[in-house]
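# Structural characterization, general
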Amino acid sequence: MADNGSVVLAGCGNMGFAMLQGWLASEALKTQDAFVVEPNEGLRDRAAGLGVTAVADATELPDDLVPAMIVLAVKPQVMDAVLPAYAGLVERGAAIVSVAAGIRIDRFEKAFGDKTAVIRVMPNTPAAVGAGMMVLCANAATSAGQLDFARTLMSASGETAAIQDEALMDAVTAVSGSGPAYLFHMIEALTDAAKKAGLPDDLAATLASQTIYGAAVYWKKSGVEPGTLREQVTSPNGTTAAALAVLMEGDRLTQLMTEAVEAARKRSIELAG
């Protein structure tokens, strides 16, 4: 039977390392319970610098190790080559948690058997600074305790949510997985508009980025619906009203975002298939 507290992290690149830092900082995991497998020496040394056990290959893990979970944070294209090394740990009761984009649960069930607990996670890049959105989907073999432990780990990187229908992961990918890029482009677009309005480049970039960041934080902390906040900022016949008349005419921005999300959702289905 697996130990409740230990975790093997396979892959310690940017996402893996950010998760590891979060686990340790939040005390969701103790250093003695964290084991990292990372073939890249520089990345391995970086992980070891946090006080955890870091090895180059799964065969170097302690012989008596029975982890609660194996968190797979490797690139999707190398996943099939990586999985066989963890078959022994899975046979001893370890659950599989994957943060690899586009790899469906049945891929792991085929590799380890359908009695294996598998939890698929869709993270996004703000997880690197503890502000991510981590959506989990577990198979029928996963216990409530295993899902809770996975959510505890993932909550160190941001907000978490769980869904039962894996088909919804394509929509999750389109909204929160790809979503940060939409906001980055919004910053680019607002910066360009600020420059065209006559502002110096540096000031234009600062105003655009801080305004979007500040608005998001303000909304999050206020607990008020975004539509209500928009109305509070908009004085009748004022400057904000003039701008919103452009953005909201014919629901043009809502329609554009709907089309963007649908395009991403369809591409997610194509890539997985």
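One structure accompanies this document, and this report is about it. Everything numeric here is computed off the predicted structure, so don't read it as measured data. (Residues numbered from 1 in each chain as written. Predicted model: local features only at pLDDT ≥ 70, side-chain atom pairs only at ≥ 80, totals over all residues. Heavy atoms only, no water.)

### As for the overall build of the protein
When helices and strands are counted, the protein shows twelve helices and eight strands. With the C-alpha coordinates of the protein rotated into their principal frame, the extents come out at 70 × 35 × 30 Å. Counting over 273 residues, the protein shows a buried share of 37%. Taken together, the 20 basic and 31 acidic charged side chains of the protein have centroids lying 4 Å from each other. (Helix = DSSP H or I, 4+ residues; strand = E, 2+ residues; numbered from the N terminus. Buried < 20%, exposed > 50% of the residue type's maximum accessible area, 1.4 Å probe, protein only. Lys, Arg positive; Asp, Glu negative; His and termini not counted. Charge placed at Lys NZ, Arg CZ, Asp CG, Glu CD.)

### As for the packing of helix 7 (residues 169-177) against helix 8 (residues 179-196)
The geometry of helix 7 relative to helix 8 is characterised by a closest axis approach of 5 Å and an angle of 30° between their N-to-C directions. When the axes of helix 7 and helix 8 are compared, the pair comes out roughly parallel. On helix 8, the residues touching Ala174, Val175, Ser176 and Gly177 of helix 7 are Gly179, Pro180 and Tyr182. (Axes fitted to C-alpha atoms, helices over the stretch in contact; angles between N-to-C directions. Parallel < 35°, antiparallel > 145°, perpendicular 65-115°, else oblique. Contact = heavy atoms within 4.5 Å.)

### Some points on the pairing of strand 2 (residues 34-37)
Neither face of strand 2 is left uncovered, since the one carrying Ala34 and Val36 and the one carrying Phe35 and Val37 both have all their residues buried. Of the strand pairs in this sheet, strand 1 (residues 7-10) and strand 2 are connected by four bridges, and their pairing is parallel. What sits directly across from Val7, in strand 2, is Ala34. The β-α-β motif built from strand 1, the intervening helix 1 (residues 14-25) and the parallel element strand 2 has right-handed crossover chirality. One ladder, built from three bridges, connects strand 2 with strand 3 (residues 53-55); its direction is parallel. In the strand pairing of strand 3, Val36 is matched with Ala54. The parallel pair strand 2 and strand 3 is bridged by helix 2 (residues 41-48), and the resulting crossover is right-handed. (Pairing = 2+ DSSP bridges. Right-handed = clockwise from strand over helix to strand, strands pointing away.)

### Description of the side chain of Arg44
Structurally, the position occupied by Arg44 is in helix 2. As a buried residue without a salt bridge, Arg44 has its nearest oppositely charged side chain in Asp45, at a separation of 5.0 Å. (Salt bridge = Lys/Arg side-chain N within 4 Å of Asp/Glu carboxyl O.)

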